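Here are the chains, one letter per residue:
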Amino acid sequence: MSANQKYATFYLNDICFGVPIEKVQEVMEFQEITAVPLCPPVLSGIINLRGQIITTIDLNTRLDLPASHSGNQSMMIVVRTSEGPMNLVVDKIGNVMDVDTELFEKPTETLKPGVRMATTHVCKLEGRLLLVLDTEKIIQLEKWGQQSGS
Amino acid sequence: MDELVKDFLTESAENLDRLDQEFVKLENDPGNRELLKSIFRTIHTIKGTCGFLGFTRLEALTHAGESLLSRLRDGELELTEECADCLLEMVDRVRGHLQEIESTESEGNADSSELIAKLKKLQEQAGKKTDAASQPGTTVEKPSKAAPTAEQTVKTATANAPEPLKAKKTKHEVLAKKSGGAFVRKGSVPVEAVLQALQMQEEGDPRKIGEILVSLGVITLQQVDEILRDKPAEESKDATIRVDVNLLEKQMNLVSELVLLRNRLLQLALDSNERNLNATVHGLNYVTSELRKNVMKTRMQPVSQLFDKLPRIVRDTSKDMGKKVRLETQGGDTELDKSLLEAIKDPVTHILRNSIDHGIENPERRAAAGKAEEGLVGIRAFHEGGNFHLLIADDGAGIDAERVKQKAVEKGLVAAASADKLSDSEKLNLIFLPGLSTAERVTNVSGRGVGMDVVKTNIERIGGRAKLESTRGKGTTLRLEIPLTLATIPALTIVSGPSVFAIPQSALVEMIAIDAEAAEQQIQSIDGVSIFRFRGTVLPLLNLREELRLKEGTARKNSTINLVVVRTEGRQVALQVDSVRSTEEIVIKPLDKRFKNIALYAGAAVLGDGRVALILDIAALARRAGMVPREQQRSAEAETGSKKEKLTLLLIGGPDGERMAMPLERVQRLEEFDQASKERLAGKFVMQYRGEIVPVVSLIELLDERRSHRRTEEGLHPEENSGKISAVVVKTATRNDVILEVHKILGIAKLEAEKLHPPSRAGVRGTLVVHERVTELLEMDELFERLRDGVEAEPVMAGERAEAEDVG
């Protein structure tokens, strides 16, 4: 059974990730994040999105990837989750890709554990891999607690 | 879920709430046809919809109820207590079914056949009764269905029999509540007659308008009845619509956003200097403010929504307890934010049950005490000082403060020694401690040892306060003070490190800016614990930067130190911040549960300039810094620190290098005096201190009499006779100041309360290790006891005391 699915893609440490397009509420340029002192490092803090307070996750830290050097060049993706909108900080925004689900493969063992945990599928595209992320897994609190050890 | 079913559920839930109330009213006024009609209509509606939606069990149940009600309505049966009980039970069952439908979308399998049978039986009795009634002698005319019974009752009442007079009286009471307008509107009475009646009233006629009209002969009593009973139905026109709370919430958010945009626009307009733009923006400014006010208003609800649920609770509880209780409510139109109203519902219900169960006495006992058999619980709501107040008072037996204290000591919640020294009011308020119940017996209503503490926690969670007052034999009053709305609160914004924080105004005591020079004197920092000496008190000092581990660097090298004194859980704490920004009305937004673990923030807020500020949870901050609230600390002391509570101690050095410590909370001030300022009075030392004559005692003298005798002979610290003495001003439990002369103040230590080792001597609670030195933890209360006894205790006491204390 073949079907096409649209993915919003973005880059972290030059790795291409994607989330289903319907999970994305909006994409925006980096804006000031209010730090929450004493919170685990995976949480960057909170932002004011048109009056709504939204928790911001540093996706590099979340996936155990090295910290990004893009600084204010970073982008933000607000995703819809079961717990309301969540803001993800990523290095760079890519295109929206239409992917044939037949190309999906299971995540390989060679992926870093942090990345593998949140990846549902891997998709080989012209000379490049697209890692499809599960937004629900990204926002799971318990895992964070263990990771950050607090 | 089906939209139709949803509508049915909301509508029915509201109707059922009203039913509860109406039934209770009906019991007091059994002849009220309007009420019966309304009750009948509600049940009838539910029955009809059930049939339509296919809820057969519910239909059968309501059908039985409806049949009985129709008999009642037609006057074929009088409302007995048994009857009311059955009907109320039916209401509860219906409610149960509805809940079942809400959660499972099916009406459930609850078997109501027994109740249905009971309802049917009651209904049959009705039939018999009318048969009997229509037999000889009575004035009841042919029992026709259409003939309203209320009239019949009146006829019988006026015709004969002393007993029905009561019914007539209630009728007149009903009249009392209505105004003359209805008579005219109905067109049955000439305006002149009503005016005449009103004038007679003004001139001092004590009778009601209806009565006067009857006496004037323009109308009969029956007509009066009919007019008045039809009045409410005629006036109840719906001018309201139902709105989803989420929608209101969203609207509130949008309006907040609009306010922010307006603020920015205002700034831009001012900068541009363009007149037209400025005028328009000012218009926008006004409209926005009004809009915000009105949207906030939509969240306000009259407290009568809560009051309306209470009569049923009072009825059921007092019946269970075999007591007679009357409920009086006042100020039902006082408004409160919807979420707050919801939040106080459970506490208030609990308090009410408590009042009836424990407060109000049995009728016999009340009679013996010379009180009316019927107890009174009064609830009054009003606004004062920008807060919502709720008083719940009963005229019952009151609470015995001594017994509360005893219980608290028995359960190990308070140390016996410190409990004895509490004032009556403080003893009484121990009732709010977790795990305390003074009820002799556990009833199914209250007395399980959970309760008042939960009430207090719930009230404090929404920023309110609870206070208990009680007079033995006279009654108990519980006072709740709650902020009007949680939607916005006034807050102080401060800057620390890179961030802006908000402190709720309710926690704020004052702001102090001190220069570096004064700071040196007023702030003492030892071992990472700081205290701030402020107008004669010693406040624990927290540096927000350090507490939140904010990065250094952006710290302004400022000669001025900004302190914000805040109040939390009965204690004051000074917070050192980088700078104070302003006061703002803020909208509290909940923080993601992921930040809850930190437990230092009460939420977040978007400020006027669009920045986000974290709202500090002052109580949590103080707790984190090791300052446990007084009550908890007491209980920790009672258990000799078996809990891992943090203790803050003042360390004192003795002349021979020994170390002692006392809880910092007992310390009022640290002072230095001239040796010469000590004066002798009646063989003891005193000092003139802040306009009082305060006894001066040497700590060493108090601790060890033998040595003190020797010392007194030599004169106290002869080598320092001309020098300064270090002193700690402490308050005794009886609230008198005592100046405790010490050899040396070493500093402050903060440590987890570890297990104490057995005490070394009397006046010492135990020994512990502080900074790798063995330190005696002083038992302040015991020391003061000795002071009162005039330092007569024999050294032998030491051993006995140690055993009696049973420490370690």
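None of the values given here were measured: they were computed from a predicted structure.

Undergrad: Just checking my understanding: could you explain the overall build of chain A for this structure?
TA: The helix and strand inventory of chain A stands at four helices and eleven strands. For chain A, the residues scored as buried account for 34% of the 150 residues in total. Partitioning the contacts of chain A with sequence separation of at least 6, the portion at a separation of at least 24 is 57%.

Undergrad: Looking at this structure, how should I read the overall build of chain B?
TA: Secondary structure assignment for chain B yields 29 helices and 29 strands. Burial status across chain B gives 35% buried among its 808 residues. Expressed as a percentage of contacts within chain B between residues at least 6 apart in sequence, the contacts between residues at least 24 apart total 63%.

Undergrad: Any chance you could explain the confidence of the model for chain A here in plain terms?
TA: Regions with low pLDDT should not have their predicted coordinates read in detail. In the predicted model, chain A carries a mean pLDDT of 85, and 90% of its residues have values of at least 70. Predicted confidence for residues 143-150 of chain A stays below pLDDT 50, and this span has eight contacts to residues more than four positions away or in other chains.

Undergrad: Would you mind showing me how to read the packing of helix 3 (residues 56-73) of chain B against helix 4 (residues 81-104) of chain B here?
TA: What describes two packed helices is the angle between their axes and the distance between those same axes. Residues and elements named next belong to chain B. Here helix 3 crosses helix 4 at 160°, and the two axes come no closer than 10 Å. In terms of axis orientation, helix 3 runs roughly antiparallel to helix 4. Considering how the two elements wind past one another, helix 3 and helix 4 form a crossing that is left-handed. On the side of helix 3, the interface is formed by Arg57, Leu58, Leu61, Thr62, Gly65 and Leu68, while helix 4 contributes Leu87, Met90, Arg93, Val94 and His97. Taken together, the residues of the contact of helix 3 with helix 4 break down into six nonpolar, three polar and two charged.

Undergrad: Mind showing me how you'd approach the packing of helix 15 (residues 310-321) of chain B against helix 16 (residues 338-359) of chain B here?
TA: Residues and elements named next belong to chain B. At a minimum axis separation of 10 Å, helix 15 and helix 16 run at an interaxial angle of 30°. The hand of the helix 15/helix 16 crossing is right-handed. Together, Leu310, Ile313, Val314, Thr317, Ser318 and Met321 of helix 15 and Thr349, Leu352, Arg353, Ile356 and Asp357 of helix 16 make up the contact between the two elements. Of the residues assigned to the contact of helix 15 with helix 16, the class counts are six nonpolar, three polar and two charged.

Undergrad: For this particular structure, what's the right way to read the interface of chain B and chain A?
TA: Quite often, the size of an interface is put as the accessible area lost when its parts meet. Listed by partner, the interface residues are 20 residues for chain B and 15 residues for chain A. Of all the elements in the fold, those that place two or more residues in the side of chain B that touches chain A are helix 12 (245-272), strand 17 (601-606) and strand 18 (612-616) of chain B. If you tally residues by element for the side of chain B that touches chain A, the top one is helix 12 of chain B, at three residues. Here the residues of the side of chain B that touches chain A are counted per class, giving ten nonpolar, four polar and six charged.

Undergrad: Before we go on, may I ask you to explain the sheet that holds strand 8 (residues 92-100) of chain A in this structure?
TA: Sheets are built from strands paired through backbone hydrogen bonds, the pairs being either parallel or antiparallel. Spatially, 8-1-2-11-10-9 (chain A) is the arrangement adopted by the six strands of the open sheet, whose pairing is mixed. Pairing within the sheet leaves two strands with one partner each, and these edge strands are strand 8 and strand 9 (104-105) of chain A.

Undergrad: Teacher, can you tell me more about the sheet that holds strand 21 (residues 667-674) of chain B here?
TA: All names here are of chain B. Pairing within the open sheet is mixed, and its six strands lie in the order 21-25-26-24-23-22. Bordering the open sheet on either side are strand 21 and strand 22 (678-681), each of which pairs with just one other strand. Sheet twist, expressed as the average angle between the axes of neighbouring strands with direction ignored, equals 40°. Pairing geometry for strand 21 and strand 25 (residues 724-731), over seven bridges, is antiparallel. Bridge assignment links phenylalanine 673 to a residue of strand 25, and that residue is isoleucine 725.

Undergrad: Explain helix 21 (residues 452-461) of chain B to me, please; I cannot follow it from the model alone.
TA: In an α-helix there are 3.6 residues to a turn, and that puts residues three or four apart on one side. Residue and element names in this part refer to chain B. Buried residues of helix 21: Met452, Val455, Lys456 and Ile459, and no others. Down the axis of helix 21, the sector holding all buried residues measures 95°, keeping them to one side. Looking at the buried positions of helix 21, the neighbouring elements they touch are helix 16, strand 6 (465-471) and strand 7 (475-483). Trailing helix 21 by a residue or two, glycine 463 shows a phi angle of about 80°, which is positive.

Undergrad: Sorry if this is basic, but what is going on with the pairing of strand 5 (residues 387-394) of chain B here?
TA: Note on strand geometry: in a regular strand, side chains alternate between the two faces of the sheet. Residues and elements named next belong to chain B. Relative to strand 5, strand 4 (residues 375-384) runs antiparallel, the two being bridged by eight bridges. Following the sheet pairing, alanine 381 is matched in strand 5 by leucine 390. Across eight bridges, strand 5 lies against strand 7 in antiparallel orientation. Looking at the pairing, phenylalanine 388 lines up with isoleucine 482 of strand 7.

Undergrad: I would appreciate a short explanation of the environment of Glu517(B) in the present structure.
TA: Residue and element names in this part refer to chain B. On the secondary structure map, glutamate 517 appears in helix 22 (residues 516-522). Classification of glutamate 517 as exposed rests on a count of 9 C-beta atoms within 10 Å. It is 8.6 Å that separates the C-alpha atoms of glutamate 517 and serine 559, two residues lying 42 residues apart in sequence.

Undergrad: What am I meant to see in the nonpolar core here?
TA: A general tendency of soluble globular proteins is for nonpolar side chains to be buried together. Residue and element names in this part refer to chain B. Residues Ala502, Ile503, Ile615, Leu616, Leu649, Leu650 and Ala661 are the most contacted members of the largest nonpolar core, which totals 117 residues. There are two domains that each give this core at least three residues, and those are domain 4 (488-624) and domain 5 (641-805). In this view, alanine 661 contacts Leu649, Leu650, Leu651, Ile652, Ala749, Val770, Thr775, Leu777 and Leu778; residues no more than four positions away in its chain are not counted. By size, the runner-up hydrophobic cluster in this structure holds 43 residues, among which are Phe388, Val404, Ala415 and Leu478.

Undergrad: What is the right way to look at unusual backbone geometry in this model?
TA: Across the chain, the bulk of peptide bonds are trans and the bulk of non-glycine residues have phi less than zero. A positive phi is found at Asn13(A), a non-glycine position, where the angle reads about 50°. Along the chain, the position of Asn13(A) falls in the loop between strand 1 (4-12) and strand 2 (15-20). For Arg549(B), which is not glycine, the phi dihedral falls at a positive 50°. Mapped onto the elements, Arg549(B) comes out in the loop between helix 23 (544-547) and strand 14 (560-568). On the basis of neighbour count, Arg549(B) is assigned to the exposed category, with 9 C-beta atoms found within 10 Å.

Undergrad: For this particular structure, what's the right way to read helix 18 (residues 401-410) of chain B?
TA: All names here are of chain B. Every buried residue of helix 18 is accounted for by Ala401, Val404, Lys405, Lys407 and Ala408. With its buried residues spanning 160° around the axis, helix 18 presents them on a single face. Pointing more than 90 degrees away from the buried face of helix 18 are the exposed residues Glu402 and Glu410. Residues of helix 18 that are buried in the fold lie against helix 19 (416-420) and helix 20 (424-428). Among the residues trailing helix 18, glycine 412 stands out with phi positive, at a value near 70°.

Undergrad: What am I meant to see in the confidence of the model for chain B here?
TA: Residues and elements named next belong to chain B. Here chain B averages 74 in pLDDT, while 75% of its residues score no lower than 70. Of all secondary-structure elements in chain B, the lowest mean pLDDT belongs to helix 29 (residues 797-805), at 39, while strand 18 reaches the highest, 92. Segment residues 232-236: pLDDT under 50, and two contacts once partners within four positions in sequence are set aside and those in other chains are kept. Across residues 628-644 the pLDDT falls below 50, and counting only partners more than four positions away or on other chains, this stretch makes 40 contacts in the model.

Undergrad: Explain the pairing of strand 22 of chain B here, please?
TA: Residues and elements named next belong to chain B. Strand direction decides the pairing type here: strand 22 and strand 23 (residues 684-689), joined by four bridges, are antiparallel. Looking at the pairing, arginine 680 lines up with phenylalanine 685 of strand 23. If you look at the hairpin formed by strand 22 and strand 23, you'll find two residues sitting between the two strands, and alanine 682 has a positive phi there, around 50°.

Undergrad: What should I look at first to understand the environment of Ser44(A) in this one?
TA: Residue and element names in this part refer to chain A. The topology assignment puts serine 44 in strand 4 (residues 43-49). For serine 44, a count of 22 C-beta atoms within 10 Å translates into the label buried. The spacing of serine 44 and aspartate 58 is 14 residues in sequence and 5.6 Å in space, taken between C-alpha atoms. Once residues lying within four places of it in the same chain are set aside, the contact partners of serine 44 are Ile33, Thr56, Ile57, Asp58 and Val89.

Cut-offs and rules
- Residues numbered from 1 in each chain as written.
- Chains lettered and ligands numbered in written order.
- Predicted model: local features only at pLDDT ≥ 70, side-chain atom pairs only at ≥ 80, totals over all residues.
- Helix = DSSP H or I, 4+ residues; strand = E, 2+ residues; numbered from the N terminus.
- Buried ≥ 20, exposed ≤ 12 C-beta atoms within 10 Å, placed from the backbone.
- Contact = placed C-beta atoms within 7 Å.
- pLDDT = per-residue confidence, 0-100.
- Axes fitted to C-alpha atoms, helices over the stretch in contact; angles between N-to-C directions.
- Parallel < 35°, antiparallel > 145°, perpendicular 65-115°, else oblique.
- Left-handed = near helix turned anticlockwise from the far one by under 90°.
- Nonpolar A, V, L, I, M, F, W, Y, C, P; charged D, E, K, R; others polar.
- Pairing = 2+ DSSP bridges.
- Arc of directions from axis to C-beta.
- Core = buried A, V, L, I, M, F, W, Y, C linked by C-beta atoms within 7 Å.
- Domains from an automatic or database assignment.

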